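Structural features, examined
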Amino acid sequence: MARIETPKRIRGTQDIFGDEQRRFAHVLDTFDRVRRLYCFQRLEIPIFEATGVFARSMGETSDVVSKEMYTFEDRGGDSLTLRPEFTAGIARAYITEGWQQYAPLKLATSGPTFRYERPQKGRFRQFHQIDAEIIGAAEPAADVELLVLADQLLHELGIAEGVTLQLNTLGDAETRDAWRTALVAHFLKHKEMLSEDSQTRLIKNPMRILDSKDPRDRPIADSAPDIDAYLTEEAAAFFKAVTDGLDAAGVKWTRNSRLVRGLDYYRHTAFEFVTDRLGAQGTVLAGGRYDGLIGSLGGTETPGVGWAAGVERLAMLIEEPVAERIEVYVVVEDDHAQHDGVRATAALRRAGFVVALLASGSPRKRFDKAVKANPKSLLSLGFADGSTTTRLKVFDGEGSPIEAVLADLGWS
Ligand code: ATP
Ligand code: MG
């Protein structure tokens, strides 16, 4: 007989269960709670878009577009791509749905994202992001609000201690052009010593050399000119407003003048929250201002700023959340009480209790098994003189709300 091969999990994907799932859910729950405090509306968008949405907005020379996208042709012959991030899809939705009538819009979303990368600790092919964006707000107060939101999220997750906010400005268009020219001149002087990747970047995307991880590039990147000498008065004032806002809100930050976002439409604020607890996967949350993005997708020029964080990376950093305790464990100790077991369980759940029912296996072992599960209380059902008997044991907390439900059922 031919052996049937068991199916395998696709490389870089995850089956999230148990402790890992509790961590994952805790990150999402906390994000949902905190985004409400900041009045960010929840949004759902498609998992796939026309390939051009990502290719045009993220730029053909970006790592994501040039080598990490899951792109396929559907049955109708259209080129589609599984979302590698949220911002481009949100910008597309803003244009297609005509949301400028609601601007400024504060939006939050989360879900799976896809990148064809080499899987390792904290790096997957299907991973998950949480994402926050403000569209239609040009003022630095929007950047501040997003950063304070990120900071509060990390505090509420209990991981703010080991995570640093690194902040930079990329200035306005004039600043960037001047700085870019200076960078190209600097890199050209050392062209022969740069890595092959960076020699290509020199032509297509010189700013990216600054965040190259290749050791050959590091000394040259580190000795490159800072943006500060090229900042226009306006760009300097914008950056100062952001840092003043962070100081006023009590958010700690450090300047990293090497931090860049490679694409042409990025302006002003760029930031990353970084930890050294995850090895090479140290960036947990990253974002910046993308005032040219919606224009580059064919919409009316609209400013925007946002960030995304990897749910798995955050989940790895937090303390293990405690599993939810069973509030009432209903144990049917005599099989004559089976129906009453079902009845009591249903009534308690309708009254809002977390309830488990044990009515199978050896009757003599059920009680001990339920106690081992460490419930807050235990309702045991027996049978005597032709009717069901009940016994409530409260280990932790208060019994009277449970008794009230039992009284309604005629047990008191
Ligand atoms: P990295 O430098 O680690 O590749 P990135 O710059 O590509 O990160 P962004 O595009 O800024 O990452 O995405 C935002 C966040 O999403 C990252 O800070 C990280 O927490 C998470 N992230 C990105 N790629 C992955 C991945 N392949 N697996 C898990 N999380 C990821
Ligand atoms: Mg990456």
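Residues numbered from 1 in each chain as written. Chains lettered and ligands numbered in written order. Predicted model: local features only at pLDDT ≥ 70, side-chain atom pairs only at ≥ 80, totals over all residues. Heavy atoms only, no water.

Side note on the overall build of the chain
Helices and strands together make up the secondary structure of the chain, namely 14 helices and 15 strands. The globule rule puts the C-alpha radius of gyration for 412 residues at 22 Å, and the 28 Å found for the chain is more than 25% above it. For the chain, with 412 residues in total, the buried portion stands at 50%. Counting only contacts in the chain whose residues sit at least 6 apart along the sequence, the fraction spanning at least 24 positions is 71%. Carbon and sulfur atoms provide 51% of the accessible area of the chain, an area that totals close to 20,900 Å². (Helix = DSSP H or I, 4+ residues; strand = E, 2+ residues; numbered from the N terminus. Rg over C-alpha atoms; globule rule 2.2 N^0.38 Å. Buried < 20%, exposed > 50% of the residue type's maximum accessible area, 1.4 Å probe, protein only. Contact = heavy atoms within 4.5 Å. Areas by Shrake-Rupley, 256 points an atom, 1.4 Å probe, with all protein chains shown as cover.)

Re helix α14 (residues 400-408)
Among all positions of α14, only I402, V405 and L406 are buried. The arc that holds every buried residue of α14, seen down its axis, measures 100°, which confines them to one face. G410 lies just past α14 and shows a positive phi near 90°. (Arc of directions from axis to C-beta.)

Examining the environment of L157
Tracing the chain through its elements places L157 in the loop between α5 (140-156) and β7 (163-169). On the basis of relative accessible area, L157 is assigned to the buried category, the value being 6%. C-alpha separation for the pair L157 and R201, spaced 44 residues apart in sequence, amounts to 37 Å.

What about the packing of helix α1 (residues 18-37) against α5?
Packed helix pairs are specified by the crossing angle of their axes together with the interaxial distance, meaning the distance between the axes. Look at α1 against α5: their axes get within 10 Å of each other, and the N-to-C directions meet at 140°. With respect to α5, the axis of α1 lies oblique. The two elements α1 and α5 cross, and the hand of that crossing is right-handed. Contact with α1, carried on its side by T30, F31, R33, V34, R35 and L37, involves L149, Q152, L153 and E156 of α5 and no other residues of that element. (Axes fitted to C-alpha atoms, helices over the stretch in contact; angles between N-to-C directions. Parallel < 35°, antiparallel > 145°, perpendicular 65-115°, else oblique. Left-handed = near helix turned anticlockwise from the far one by under 90°.)

Some details on the domain arrangement of the chain
Where the parts come together, the accessible area they lose is often given as the size of the interface. Parsing the chain into structural domains produces domain 1 (18-172 + 232-317) and domain 2 (328-408). Here the C-alpha centre of domain 2 lies 48 Å away from the C-alpha centre of domain 1. (Domains from an automatic or database assignment.)

Brief notes about the sheet that holds strand β3 (residues 70-73)
Read from one edge to the other, the open sheet built from 3 strands follows the order β2-β4-β3, with strand pairing classed as antiparallel. Edge strands, defined here as strands with exactly one partner in the open sheet, are β2 (48-50) and β3. Strand-to-strand, the axes of this sheet are offset by a mean angle of 35°, without reference to chain direction. The pairing of β2 with strand β4 (residues 79-82) spans 3 bridges and is classified as antiparallel. In the strand pairing of β4, F48 is matched with L82. (Pairing = 2+ DSSP bridges.)

Details of the sheet that holds strand β12 (residues 328-332)
In sheet architecture, strand pairing relies on hydrogen bonds along the backbone and comes in two forms, parallel and antiparallel. If you trace the 4 strands from one edge of the open sheet to the other, you get β13-β12-β14-β15, paired in mixed fashion. This sheet does not close on itself; its edge strands, each paired only once, are β13 (355-358) and β15 (387-394). On average, each strand axis in the sheet is inclined to that of its neighbour by 20°, with strand direction left out of account. Pairing between β12 and strand β14 (residues 377-384): 5 bridges, direction parallel. Note on β14: the bridge partner recorded for V332 is L381. Against the sheet, helix α13 (residues 363-372) contacts β12, β13, β14 and β15, and its axis sits at roughly 170° relative to β12.

Digging into the nonpolar core
Formed by 44 residues in total, the largest nonpolar core has its most connected members in F273, W307 and L314. If you tally residues by element for this core, the top one is α5, at 9 residues. Apart from residues no more than four positions distant in its own chain, L314 is found in contact with V27, I130, L154, L157, I159, V284 and A309. Membership of the second largest hydrophobic core comes to 33 residues, among which are I90, W99, L170 and Y265. (Core = buried A, V, L, I, M, F, W, Y, C linked by side-chain atoms within 4.5 Å.)

A short note on the pattern of salt bridges
The final tally for this structure, using the stated rule, is 25 salt bridges. Linking D222 and R218 is a salt bridge whose minimum nitrogen-to-oxygen distance equals 2.8 Å. Pair noted here: D222 and R218 are both in helix α8 (residues 218-222), with a separation of 4 residues, about one helical turn. For R218, a relative accessible area of 24% puts it in the partly exposed group. Of the charged contacts, one joins R325 and D396 as a salt bridge, the two residues approaching to 2.8 Å between their closest N and O atoms. You can see R325 sitting in the loop between α11 (311-317) and β12 and its partner D396 sitting in the loop between β15 and α14, a full 71 residues away along the chain. Classification of R325 by relative accessible area gives partly exposed; the value is 29%. Here D396 falls in the partly exposed class, since its relative accessible area comes to 36%. (Salt bridge = Lys/Arg side-chain N within 4 Å of Asp/Glu carboxyl O.)

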